[in-house]
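# Analysis of the macromolecular model
Below, each chain spelled out in residue letters.
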Amino acid sequence: MMKPTPAKQERLSLGLYIHVPFCRQKCAYCDFYSLPGAEARMDDYVRAVAAQLKEVAPRAALHTVDTVYFGGGTPSYLGVKRLKTLLAAVDKHYALARDAEITLEANPDSAMDWKELRALRRAGFNRISLGMQSAVDEELRSVGRIHTFSQVEAAVEAARKAKLQNLSLDLIYGLPGQTMDSFLFSLNAAAALSPEHISCYGLKVEPGTPLYDRRDETDLADDDAQADLYLAAVSFLEEQGYQQYEISNFAKPGFASRHNLKYWTLGEYAGFGPGAHSDFGGVRYSYDRDLDAYITGALRGGAMPIESEDLPQWTRDTEYIMLSLRTVQGLDPRRFERTFRRYFSPLEPLLARYAAAGLAVHAEDGSWHLTPKGFLVSNTLIGELLDALAADKQQRLEAARRGDFTVRR
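The rules behind these values
Along each chain, residue indices are assigned from 1 in the same order as the chain's sequence is written. Side-chain atom pairs in this predicted model are given and counted only at pLDDT of 80 or more, local residue features only at pLDDT of at least 70, and totals for whole chains, interfaces and linings cover all residues. No hydrogens and no water enter the side-chain calculation; it runs on all heavy atoms of the structure. Helix numbering and strand numbering both begin at the N terminus, where a helix is a DSSP run of H or I of at least 4 residues and a strand a DSSP run of E of at least 2. What the globule rule says is 2.2 Å times the number of residues to the power 0.38, and the radius of gyration is computed from C-alpha atoms. For this count, His and the chain ends are skipped, Lys and Arg are scored as positive, and Asp and Glu as negative. Throughout, a charge is located at the NZ atom of Lys, the CZ atom of Arg, the CG atom of Asp or the CD atom of Glu. Ring pairs shown here join Phe, Tyr and Trp side chains whose ring centres sit within 6.5 Å, with only the six-membered ring taken for Trp; geometry is labelled stacked below 30 degrees between planes, edge-to-face above 60, and tilted in between. Think of it in three bands: residues with accessible area under 20% of the maximum for their type are buried, residues over 50% are exposed, and the middle band is partly exposed, with areas taken using a 1.4 Å probe on protein chains only. Criterion for a charge above a ring: Arg CZ or Lys NZ at most 6 Å from the ring centre, at most 35 degrees from the ring normal. Working note: the arc is built from the helix axis to C-beta atom directions. Here, two residues are considered to be in contact whenever any of their heavy atoms come within 4.5 Å of each other. To estimate the expected span of a helix, count its residues, drop one, and scale the result by 1.5 Å. For the purposes of this analysis, a disulfide is any pair of cysteine sulfur atoms at a distance within 2.5 Å.

Our focus in this paragraph is the overall build of the chain. Within the chain, the regular secondary structure consists of 15 helices and 16 strands. Computed over the C-alpha atoms, the radius of gyration of the chain is 23 Å, within 12% of the 22 Å expected from 2.2 N^0.38 for a compact globule of 409 residues. In terms of principal-axis extent, the alpha carbons of the chain reach across some 70 × 70 × 40 Å. For the chain, the distance from the average site of its 48 positive side-chain charges to the average site of its 54 negative ones is 9 Å.

This is the structure in structure tokens:
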């Protein structure tokens, strides 16, 4: 008698994030983990990440890696040879999809050699994200950027000559001294370079940064001014054919960042390098922002500094709300109820109120998403929705203690 053939297990999707903590000069607003002047540690860092990639790989045996993202810091500063070594380690130890999106973040001043970019494309990199930030050199200097706009243009030209067909540009609004006119000038300059993707982030003045220390003497945009700049960006980019798919991100059709979407849709991703975060196997964890400790742990088998939290899927209802409302896809009531075993109805009165105020939209498919004006106050709206969800949960717990199981919707 023949044994039945076991059902083939469906492969899962996984993104990899590799944090490269090296840069030439730290920008005045940057609070990411990056280390200027640490070039001597680059080779040890590459060996450490390669070792950790190999160590983690068995946990991803049932996964297909469909996105790889090199972030920083300034990953391009690592150099072609080291970047190729790390990507080769990914390809060796993981099931890397043939059409995987493989992104390299780069500062324009370190991405102007088209032959180097061609070598990276041939190695497998197929998407580059350039930190343009502004087309006004004075604005760039005000926050410690070490490139000029002419170098942005040169980097874009080099990327195209290297036949990289997926290019993203980052912009910042609310820079010191920036006006509506100068921001629109930067938006026009960015669009004229015809990238497939544009990100627009509001300047955040984070404690512990040089910009924070001189905030009182710096001409910074207030919340209202930032809101005006943001809405101008949304309108302008829509006119240029860029579809908004997340609060800060816009893309030509088919070019939304597949890796970043994992963060906002509760997809799985594994991070490597000091300061990297992961959401993998039902656990959210991160490595300490300590390059030396990371290298020692990865290469010598020492304790790897890490923070972790178990997160079963059905407990992540609040996270789903917070992340989904960052996207134009928004909240799917059916998915919410099916996944988290919670009624969606407690949220509907608030969402209807937001829709009446022009802050949200109830789509024909039943989903809810915020409008650009809603995105501006998303923290407040999300907080109210989470309070409503918590109140409903408390009400049901109290009813259960009383033995009252009539409470439904």
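Moving on from the model shown.
Per the counting criterion, the structure on display carries 13 aromatic pairs. Judged by centre distance (6.3 Å) and plane angle (55 degrees), the ring pair of Tyr245 and Trp264 falls under tilted. Here Tyr245 is found in strand β9 (residues 243-246), whereas its partner Trp264 is found in helix α9 (residues 258-264), with 19 residues between them in sequence. Of the residues examined, Tyr245 reaches a relative accessible area of 9% and is grouped as buried. By relative accessible area, which is 10% here, Trp264 ends up buried. An aromatic cluster is present here, built from Tyr320, Phe336, Phe340 and Phe344 joined pairwise through their rings. Above the face of the Tyr212 ring, Arg215 is positioned so that its terminal group lies 3.8 Å from the ring centre. Sitting above the plane of the Tyr242 ring, Lys252 keeps its charged end 4.7 Å from the centroid.

Turning our eyes to something else, we now look at the environment of Lys115. Residue placement: Lys115 occurs in helix α3 (residues 114-123). For Lys115, a relative accessible area of 52% corresponds to the exposed category.

To continue, consider helix α13 (residues 348-356). Buried residues of α13: Leu350, Leu351 and Tyr354, and no others. Seen end-on, α13 carries its buried residues on one side only, within an arc spanning 95 degrees. The exposed residues of α13 that point more than 90 degrees off its buried face are Pro349 and Ala356.

Inspection of the secondary structure assignment puts Thr218 in the loop between α7 (210-213) and α8 (223-239). Not counting residues within four places of it along the chain, the set of residues in contact with Thr218 comprises Pro176 and Leu211.

Moving on to helix α6 (residues 180-192). Residues lying three or four places apart along an α-helix face the same way, a consequence of the helix completing one turn every 3.6 residues. The terminal C-alpha atoms of α6, which comprises 13 residues, lie 18 Å apart, in line with the 18 Å expected from a rise of 1.5 Å per residue. Ser182, Phe183, Ser186, Leu187, Ala189, Ala190 and Ala191 are the residues of α6 that are buried. The first or second residue beyond α6 is Ser194, which carries a positive phi of 55 degrees.

Our next topic: the state of the cysteines. In protein chemistry, a disulfide is the covalent bond that joins the sulfur atoms of two cysteines. Tallying each qualifying case throughout the model produces 0 disulfides. Between Cys27, a cysteine without a disulfide, and Cys30, which holds the nearest cysteine sulfur, the sulfur-to-sulfur distance is 6.3 Å. The buried category is assigned to Cys27, whose relative accessible area is 11%. A relative accessible area of 15% means that Cys30 is categorised as buried.

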